[in-house]
Amino acid sequence: MLDKVGNDNNNYNKDNIKTIKESSPTIGGLIEKEYLRQSNNIELIASENYSSEAILAACGSCLSWKYAEGYPTDRYSGSESRYYGGTEFVDQIEEYCCNKWREVFSTDYHVNVQPHSGSQANFAAYRAFLNPGDTILAMTLDNGGHLTHGSSVNFSGTLYNMVFYNVDDNGYINMDDVRRKAEELKPNLILAGASAYSRILDFKTFAEIAKSVGAVFMVDMAHIAGLVAAGEHPSPFGLADVITTTTHKTLRGPRGGMIFARKELAKKIDSAVFPYSQGGPLMHIIAGKAICAEEACQPDFRKYIHQVVMNCKACSDEFMKLGYKVVTGGTDNHVFLLDLSDHAFTGRDLQERLDTVGITLNKNTIPGDKRSPRQTSGVRIGSAPMTTRGFDEDDFRRVAARIDEVIKELDAEFAEKK
């Protein structure tokens, strides 16, 4: 992995890039440039992280050649259910991967590790329980939700009747509004989860509301999965009917998705993944997911996630000390939103300027944003990747101070334009 900025000890990437450059100087050279960018920049994108060398090696292994449509065994008859031969060893990898993820989350839920991404996991989860036109109650994109939670430009917003609960004036999910909308609209599915929400999700109350109106209760824990695994966020297991997640972000694994569900819902989930929405699983990625699960079971992972939370709080608090508005007034997890609505420049302006000084983050809408998603009135800041690289609270306070300097420069420049 990578240590603090400027101290790079990742030999796997260097050797791998050398091999690529010998075959393709163009692609190898571009990968090398991206590797150097990742090595030298301050990485604050909340959905990104750095995987171990073992995970990278598994994802680039001979498993990438292997087709294995179907599942290791037919979980409903006990017979083999692959559609290709030669699957003896990849069968063992996939079963091991499933078992390790149940261990990570201390659950007996069924797990499907085949989804290629979090979005495909959500697509399959919806398909397992809903018909086109059914109603989903979720959080909007500008309040912190994800594209697959009902955005009009996404499959979720075109296939389903999306209705939304709101946040209150402080940016917290309004659980009274969730209950009111559920009772009034009788959704088929209620979704809890976000990509830019900095507070604890009240899974217990969500579950109670869903049960009271006969709705499926689904949790998308893609961003907080590492926190759930390490005990830094309440768990949705035992409360939700179905849970989707990615395996990167706070879990530090390969890019990919997973679906957990109550045992009695296993067949619905598996059928919605294969054959409905995917063909052959990516066995090299599933191997990486298995190693990720092994790593998440280690005591060091809990220490890492605790530091992620502490670092995020330190950074958020420092911005507030500097006089900035932070959505919800702080954070309980790995992410927070900086509110720039009082500034003349946009979130995009700040994102682009920070790129020039070696700090990477993303523009992000804030609740009630009057600017477009392409411009935004906020930026999203995450602590997981730089914590992997060894940053502590003091480092994140220094990051906040550097961003403050850049913001002041932009303020001065935009003032001159008036």
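Before any of the text, the structure's been laid out above.
Residues numbered from 1 in each chain as written. Predicted model: local features only at pLDDT ≥ 70, side-chain atom pairs only at ≥ 80, totals over all residues. Heavy atoms only, no water.

1. What about the pattern of salt bridges?
The condition that has to hold: The term salt bridge refers to a pairing of a side-chain nitrogen on Lys or Arg with a carboxyl oxygen on Asp or Glu at a separation within 4 Å. Numbering of helices and strands runs from the N terminus, with a helix taken as a DSSP run of H or I at least four residues long and a strand as a DSSP run of E at least two residues long. Here's how the labels work: a residue is buried when its accessible area is under 20% of the maximum for its type, exposed when over 50%, partly exposed in between, all with a 1.4 Å probe on protein chains only.
What the rule picks out here adds up to 19 salt bridges. Note that D332 and R199 form a salt bridge whose closest N and O atoms lie 3.0 Å from each other. Pair noted here: D332 is in the loop between strand 11 (325-326) and strand 12 (335-339) and R199 is in the loop between strand 7 (189-193) and helix 8 (203-213), with a separation of 133 residues, a long-range link. With a relative accessible area of 10%, R199 lands in the buried category. In the salt-bridge network here, residues are joined through shared partners; they are R82, D91 and E94.

2. Notes on the nonpolar core
Under the convention used in this document: Nonpolar core, defined: a set of buried Ala, Val, Leu, Ile, Met, Phe, Trp, Tyr and Cys residues in which side-chain atoms within 4.5 Å join the residues together. Working rule for contacts: check all heavy atoms of both residues, and any pair within 4.5 Å makes them a contact.
Membership of the largest hydrophobic core comes to 65 residues, with the highest contact counts inside it found for W101, F105, M221 and F260. Discounting residues that sit within four places of it in the chain, F260 has contacts with W101, F105, Y109, H110, V111, M221, F237, D241, V242, I243 and T245.

3. What to know about the sheet that holds strand 15 (residues 378-382)
For the record, the criterion: Strands pair, by our definition, only if DSSP identifies at least two bridges between them. Working convention: axes come from line fits to C-alpha atoms, limited for helices to the stretch in contact. Angles between N-to-C directions cover 0 to 180 degrees.
With antiparallel pairing, four strands are arranged side by side in an open sheet as 11-12-15-14. Edge positions in the open sheet fall to strand 11 and strand 14 (362-364), since each of these has one partner strand only. For strand 14 and strand 15, the ladder comprises three bridges, and the chain directions are antiparallel. Bridging across to strand 15, N362 finds its partner in R380. Across the sheet, helix 12 (residues 299-321) lies against strand 11, strand 12 and strand 15, angled at about 15° from strand 12, the strand it touches most. Sheet strands in contact with helix 13 (residues 347-356) are strand 14 and strand 15, and its direction is about 170° off that of strand 14.

4. Overview of the packing of aromatic side chains
The condition is simple: Two aromatic rings from Phe, Tyr or Trp, using only the six-membered ring of Trp, form a pair when their centres are within 6.5 Å; if the ring planes differ by under 30 degrees the pair is stacked, by over 60 it is edge-to-face, and anything between is tilted.
Tallied over the entire structure, the rule returns 19 aromatic pairs. Their ring planes at 10° and their centres at 6.1 Å tell us that F206 and F217 sit as a pair that is stacked. Here the residue F206 occupies a position in helix 8, and F217 occupies one in strand 8 (residues 216-220), the gap between them amounting to 11 residues. Here the two residues F206 and F217 agree in accessibility, since each one is buried. Ring geometry for F319 versus Y324: centroids 5.7 Å apart, planes at 80°, classification edge-to-face. Relative accessible area serves as the criterion here: at 0%, F319 is assigned to the buried category. By relative accessible area, Y324 is classed as buried at 10%. These aromatic residues form a ring-pair network of at least three members: W101, F105, Y109, F237 and F260.

5. Remarks on helix 12
To be explicit about the condition: Any helix carries an expected span of 1.5 Å times its number of residues minus one.
With 23 residues, helix 12 extends 33 Å between its outermost C-alpha atoms, agreeing within 8% with the 33 Å of an ideal straight helix rising 1.5 Å per residue. When helix 12 is considered as a whole, its buried residues turn out to be F301, Y304, I305, V308, V309, N311, C312, A314, C315, S316, E318 and F319. Directly beyond the C-terminal end of helix 12, a positive phi value near 100° is found at G323.

6. Brief notes about unusual backbone geometry
As a rule of thumb, non-glycine residues mostly have phi less than zero, and peptide bonds are mostly trans rather than cis. A cis amide bond links F274 to the next residue, P275, at an omega of 15°. Its identity as a non-glycine residue notwithstanding, K249 has a phi of 45°, on the positive side. For K249, the location among the structural elements is in the loop between strand 9 (242-246) and strand 10 (257-261). Classification of K249 by relative accessible area gives buried; the value is 10%. At R252, a position not held by glycine, the phi torsion is positive, near 60°. Along the polypeptide, R252 turns up in the loop between strand 9 and strand 10. On the accessibility criterion, R252 (13% relative accessible area) is buried.

Read these as layout, nothing more, since geometry by itself doesn't imply function.
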